[in-house]
Amino acid sequence: MKAIVIYNSQTGFTKRYAEWIAEATGCECVEFKEGAKKDLSEYDAIVFGGWCMAGGITKLSWFKKQIPSLAAAGKKLLVYAVGASPIEAPDVEIAMRRNFTDEERSQVKVVYCPGGLDYEKMNKGSKIAMKMFVKILSLKKNPTPADLEQVEMVSHSYDISDKKYIEPIITELK
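For the structure given in this document, a descriptive report is provided here.

So, how was this worked out
- Residues numbered from 1 in each chain as written.
- Predicted model: local features only at pLDDT ≥ 70, side-chain atom pairs only at ≥ 80, totals over all residues.
- Heavy atoms only, no water.
- Salt bridge = Lys/Arg side-chain N within 4 Å of Asp/Glu carboxyl O.
- Helix = DSSP H or I, 4+ residues; strand = E, 2+ residues; numbered from the N terminus.
- Buried < 20%, exposed > 50% of the residue type's maximum accessible area, 1.4 Å probe, protein only.
- Contact = heavy atoms within 4.5 Å.
- Phe/Tyr/Trp six-rings, centres within 6.5 Å; stacked < 30°, edge-to-face > 60°.
- Lys NZ or Arg CZ within 6 Å of the ring centre and 35° of its normal.

### Observations concerning the pattern of salt bridges
Tallying each qualifying case throughout the model produces 10 salt bridges. Note that Glu172 and Lys76 form a salt bridge whose closest N and O atoms lie 3.8 Å from each other. Placement of Glu172 in helix H8 (residues 167-173) and of Lys76 in strand S5 (residues 76-83) is noted, with a sequence separation of 96 residues between them. For Glu172, a relative accessible area of 29% puts it in the partly exposed group. Judged by relative accessible area, Lys76 falls into the partly exposed class, the value being 28%. Close ionic contact of Arg97 with Glu93 constitutes a salt bridge, the shortest N to O distance being 3.2 Å.

As structure tokens, this is what we get:
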């Protein structure tokens, strides 16, 4: 099976997952700028990876435009989204569902992969957004234990990425 992983990464977590997928399957692995120019009809499977921001997946709109023609051609389509939340966080499934229509979900396998935060590699806009998010959460009246845990977690850099999260993708590509 000829497959490609196209990824968009800001701080390296999405890239790391792309490299792990390529290493495990032998598929081609390219950054979004290069991948967006590829003729995807040449591949049997297309994996798109983007990082999560405010419940959305970066560059997903580009991939969603490709879905109708690729699905009609019988291509295997997968999306992995990398975020700062642990996989068991209740907002993860809600966000993943919001990013795709029911029809798209029937054509694309969607996988969430926990990544983390790396403030040193983050661009200025993302750093400001994260600081505002932490401030809003910390000023919340009557915060829940989950709110307090989230404030503690996102107040500093951390890495919760793990190869085990790509297993559903590897299974689909073999």
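Picking up where we left off.
### Describing the side chain of Thr58
Inspection of the secondary structure assignment puts Thr58 in the loop between strand S4 (56-57) and helix H3 (60-72). Classification of Thr58 as buried rests on a relative accessible area of 14%. If we skip the residues at most four places from it in the chain, Thr58 touches Asn8, Phe48, Gly50 and Trp51.

### Here we look at the side chain of Thr14
Mapped onto the elements, Thr14 comes out in helix H1 (residues 13-25). Not counting residues within four places of it along the chain, the set of residues in contact with Thr14 comprises Tyr7, Asn8, Ser9, Gly49, Gly50, Trp51, Tyr80 and Val82.

### Brief notes about unusual backbone geometry
Look at Ala54: it is not a glycine, yet its phi comes out positive at around 55°. Looking at where Ala54 falls in the secondary structure, it is placed in the loop between strand S3 (45-53) and S4. Phi at Lys59 is positive, roughly 65°, even though this residue is not glycine. Along the chain, Lys59 turns up in the loop between S4 and H3.

### Structural notes on the packing of aromatic side chains
Counted according to the given criterion, the structure contains 7 aromatic pairs. Summarising the aromatic geometry, the rings of Phe32 and Trp62 are spaced 5.3 Å apart at their centres and angled 90° between planes, so their arrangement reads as edge-to-face. Within this pair, whereas Phe32 is found in helix H2 (residues 32-35), its partner Trp62 is found in helix H3, the two being separated by 30 residues in sequence. Of the residues examined, Phe32 reaches a relative accessible area of 14% and is grouped as buried. Judged by centre distance (6.0 Å) and plane angle (45°), the rings of Phe48 and Trp62 are tilted. Remark: Trp62 occurs in helix H3 and Phe48 occurs in strand S3; sequence separation between them is 14 residues. A single burial state applies to Phe48 and to Trp62, both of which are buried. Grouping aromatic residues by their ring pairs yields a cluster made of Phe32, Phe48, Trp62 and Phe63. Its end group placed over the ring of Tyr43, Lys2 keeps NZ or CZ at 4.9 Å from the ring centre.

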